[in-house]
Amino acid sequence: MNITRRGFLQGAIGLAGAGMTTALAVPALKTLLPPPVTRCNDDDAHETLTYKSESGKWYENMGGSVAKKEDFNLWDVAIVDWAPKDLEQELGACEIQLALAKVPAEPSMNGLGVSVDDGNAYLMAYHTYKCPHLCCKPVFSAEGTSTISGNDYENMFLCPCHLSLFDPLSVIKNVDEQGREVMAAELLEGPAPYGLPVVPIEEKDGGLVGLMTQIEWLKYCGQG
Ligand code: FES
């Protein structure tokens, strides 16, 4: 194509004008953007597992205080808040909630939970914040009848959305959808792709704390 000098100049002037218009529009556009994401407050971070305030539960008057192994009888389950400092960087959340349970001891719990009652029971934390299926919140159910199999069950985590059933006593090695090995409460039935991940815990200064060592196990459903 044969571009004349006059045509070139007209084009250049037009481009310069468009650039100025864009430059003027940028500050105006910025006012339309959502405000920056709120960063988690480091002062609010805690590795301790603290009781969630929930009326009608056995721990309802303990909201905000650090969970201790002495608080639990066998098969007591409590929802606790966990907000370690690096959680936002790893999962994009300031805090998550876990189910903390005292369960009869099984060898596979060694190194994941806190051994109590002369080794006959463990305090264990399960990631009930998000079901590995479509991210609902499984709840502890002391007893019930499965609407999928018709079988009666005791002491399970049940996901209310599509009824996946997880056994907290059977902590087994699973493989998640990214091919990672995950220790989880075994999936007994329902559409979840694998079990409900465990969050390793330990005792520190008389209270229970969650460990970040296996945070990769929680990276699904938009987390991480
Ligand atoms: S979200 Fe839990 S079974 Fe579907």
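What comes next is a walk through the structure. (Residues numbered from 1 in each chain as written. Predicted model: local features only at pLDDT ≥ 70, side-chain atom pairs only at ≥ 80, totals over all residues.)

**A short note on the nonpolar core**
Nonpolar side chains tend to gather and get buried jointly when the protein is soluble and globular.
Right, so step 1: Counting 48 residues, the largest nonpolar core has Leu49, Val80, Leu98, Leu100, Met124, Ala125 and Tyr126 as its most contacted members.
Right, so step 2: With near-sequence residues (within four places) excluded, Leu100 lies in contact with Leu49, Ala67, Ala78, Val80, Leu123, Ala125 and Leu208. (Core = buried A, V, L, I, M, F, W, Y, C linked by C-beta atoms within 7 Å. Buried ≥ 20, exposed ≤ 12 C-beta atoms within 10 Å, placed from the backbone. Contact = placed C-beta atoms within 7 Å.)

**A word on the environment of Glu203**
Right, so step 1: Structurally, the position occupied by Glu203 is in strand β11 (residues 201–204).
Right, so step 2: Taking the C-beta count within 10 Å as the criterion, Glu203 has 14 such neighbours and is therefore assigned partly exposed.
Right, so step 3: For the pair Glu203 and Ala67, spaced 136 residues apart in the sequence, the C-alpha separation amounts to 9.8 Å.
Right, so step 4: Aside from chain neighbours lying at most four places away, what touches Glu203 is Lys69, Val114 and Leu208. (Helix = DSSP H or I, 4+ residues; strand = E, 2+ residues; numbered from the N terminus.)

**Points about the pairing of strand β5 (residues 121–126)**
Right, so step 1: In terms of residue burial, β5 counts as a mostly covered element, since six of its six residues are buried.
Right, so step 2: Bridge count for strand β3 (residues 96–104) against β5 is six bridges, and the pairing is antiparallel. Note on β5: the bridge partner recorded for Val103 is Tyr122.
Right, so step 3: Sheet topology places strand β4 (residues 114–116) next to β5; three bridges connect them, and they run antiparallel. The partner of Ser115 across the bridge, within β5, is Tyr122.
Right, so step 4: Between β4 and β5, which pair antiparallel one after the other, the connecting turn spans four residues, and Asp117 there sits at a positive phi close to 55°.
Right, so step 5: Pairing of β5 with strand β10 (residues 196–199) involves two bridges; the strand directions are antiparallel. (Pairing = 2+ DSSP bridges.)

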